[in-house]
Amino acid sequence: MTVHIVLDGSALRAYAELGTPSLAVAELLTSVNENEALVGVPSTCVLDAFAQLTKDEQQRVEELLVNTDGVAVVLPLLAEETLRIAKEPSLAEMGHAHAMAESRTHEAMLATFDPAAYGADLDEDDILDLSQ
Amino acid sequence: MVTALLAAEPASMILSYLWRTIFLLSYPRRMAVKKYSISVPEDVAEQLDSVSNVSEYVTTAVRLRRRGDLLKEVFSRHGITVTPEGVASMSRRLADQQTRREARRNRQQGA
């Protein structure tokens, strides 16, 4: 199975914090699964999100990553990619840089609630703006 | 023992036994399988008749359903209700956007 969507830290936070935005993330995961594909979550996005979440919110993200039989998979930051990603000049957070790199690697759309963070570096159609 | 075996069994059977043993020892260890006999409605039967490997097809379908059920359970525990309409809308959106992406790539490759 291939990674069709890369989910960034903003999407993880939106899911964890519940409310209306979390539904878009849930619908996205369900749709991707129905197409027998995967949602990739860059490991640095998990770290970025966890740093801003409460314990309960972290628990929700953990359940999503661990208890769904691999629908959402954590994408590791490999040693040979680290320096290349670290040198991305225009991105504020390493999670953004890692997400963009994974989006290119897998030719997957990048799902986010913060499309402006990637606007200059990804084509508009490569970004799935979940805030819409 | 080998002499007795050679005397008792035709050569072809011994070769067959040796071949099966080599095959089993060299083949990667597989997950255990269990056979089921199931009854399905006619429309499902027609679909399965058109499939070359029914076991693989059914296994994939069950695993897909299991993942979908696990997702629903997790979402339900988190108080999120996903509807078929919502998923269908997201699927359409993804398909439309993917079409645009592919059209852009084709243009870029053609240029």
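Figured I'd write up the structure that's included with this text. Counting from 1, residues in each chain are numbered in the order their sequence is written. Written order determines the labels here, with chains lettered from A and ligands numbered from 1. Reporting in this predicted model follows two pLDDT cut-offs: at least 70 for local features of residues, and 80 or more for side-chain atom pairs to be given and counted; totals over whole chains, interfaces and linings ignore these cut-offs and use all residues. To obtain the side-chain values, all non-hydrogen atoms of the structure were used and water was disregarded.

This brings us to the overall build of chain A. Helix and strand definitions follow DSSP, with helices as H or I runs of at least four residues and strands as E runs of at least two, each counted in order from the N terminus. Along the backbone of chain A there are six helices and five strands. Taken from N to C terminus, the helices and strands of chain A fall in the order β-α-α-β-α-α-β-α-α-β-β. It is over C-alpha atoms that the radius of gyration is taken, and the globule rule equals 2.2 Å times the number of residues to the power 0.38. Taken against the 2.2 N^0.38 rule, which gives 14 Å for 132 residues, the C-alpha radius of gyration of chain A at 14 Å falls within 12% of a compact globule. Summarising its shape, the C-alpha atoms of chain A cover approximately 35 × 30 × 30 Å along the three principal directions. Throughout, exposure labels follow a simple rule: accessible area from a 1.4 Å probe, protein chains only, divided by the maximum for the residue type, with under 20% read as buried, over 50% as exposed, and the rest as partly exposed. Buried positions account for 55% of the 132 residues belonging to chain A. Long-range contacts, defined here as pairs at least 24 residues apart, represent 63% of the contacts in chain A between residues at least 6 apart. Total accessible area on chain A stands at roughly 5800 Å², and carbon and sulfur atoms take up 52% of it. We call two residues in contact whenever any of their non-hydrogen atoms come within 4.5 Å of each other. Only the protein chains shown count as covering a residue, and every accessible area follows the Shrake-Rupley method with a 1.4 Å probe.

Of regular secondary structure, chain B possesses five helices and zero strands. Traced from its N-terminal end to its C-terminal end, chain B shows the element sequence α-α-α-α-α. When the 111 residues of chain B are sorted by exposure, 15% land in the buried category. With an accessible surface of roughly 9500 Å², chain B has 58% of that area assigned to carbon and sulfur atoms.

Every contact between the two is made by 36 residues of chain A and, on the other side, 26 residues of chain B. Once two parts are brought into contact, the accessible area they lose, counted with a 1.4 Å probe and summed over both, makes up the buried area. Carbon and sulfur atoms make up 57% of the surface buried where chain A meets chain B, a total of about 2800 Å² over both sides. Ranking the residues of chain A by area buried against chain B places Glu27(A), Asp69(A) and Asp125(A) at the top, with a combined share of 20%. Between Lys or Arg on one side and Asp or Glu on the other, a salt bridge is scored when a side-chain nitrogen of the former is within 4 Å of a carboxyl oxygen of the latter. On the surface where chain A and chain B come into contact, there are six salt bridges. Arg101(B) serves as the salt-bridge partner of Asp126(A), at 2.7 Å between the closest nitrogen and oxygen. Throughout this description, a polar contact denotes any pair of N or O atoms lying within 3.5 Å of each other; where both atoms belong to protein, one of them has to be capable of donating a hydrogen while the other can accept it, and for residues adjacent in sequence the pair is counted only when both atoms sit in side chains. Seen at the junction of chain A and chain B, the total is 14 residue pairs in polar contact (both at pLDDT 80 or more). Of all the secondary-structure elements, those providing two or more residues to the side of chain A that touches chain B are helix 2 (20-34), helix 4 (55-66) and strand 5 (127-129) of chain A. Residues belonging to the side of chain A that touches chain B are distributed by class as follows: 17 nonpolar, seven polar and 12 charged. Under the scheme applied here, ten amino acids are nonpolar (Ala, Val, Leu, Ile, Met, Phe, Trp, Tyr, Cys and Pro), four are charged (Asp, Glu, Lys and Arg), and all others, including Gly, are polar.

This brings us to the packing of aromatic side chains. Stacked, edge-to-face and tilted labels apply to pairs of Phe, Tyr and Trp rings (six-membered ring for Trp) whose centres lie within 6.5 Å, assigned for plane angles under 30 degrees, over 60, and everything in between, in that order. With the rule as written, the count across this model stands at one aromatic pair over all chains. Summarising the aromatic geometry, the rings of Tyr15(A) and Phe75(B) are spaced 6.0 Å apart at their centres and angled 55° between planes, so their arrangement reads as tilted. In this pair, Tyr15(A) is assigned in helix 1 (residues 9-16) and Phe75(B) in helix 4 (residues 54-77), connecting two distinct chains. You can call Phe75(B) buried: its relative accessible area is 2%.

Here Val74(B) shows up in helix 4. Its relative accessible area of 0% is what places Val74(B) among the buried residues. Along the backbone, Val74(B) and Gln97(B) are 23 residues apart, and their C-alpha atoms lie at a distance of 28 Å. If near-sequence neighbours (up to four positions away) are discounted, Val74(B) is found in contact with Tyr15(A), Glu63(A), Leu64(A), Asn67(A) and Thr68(A).

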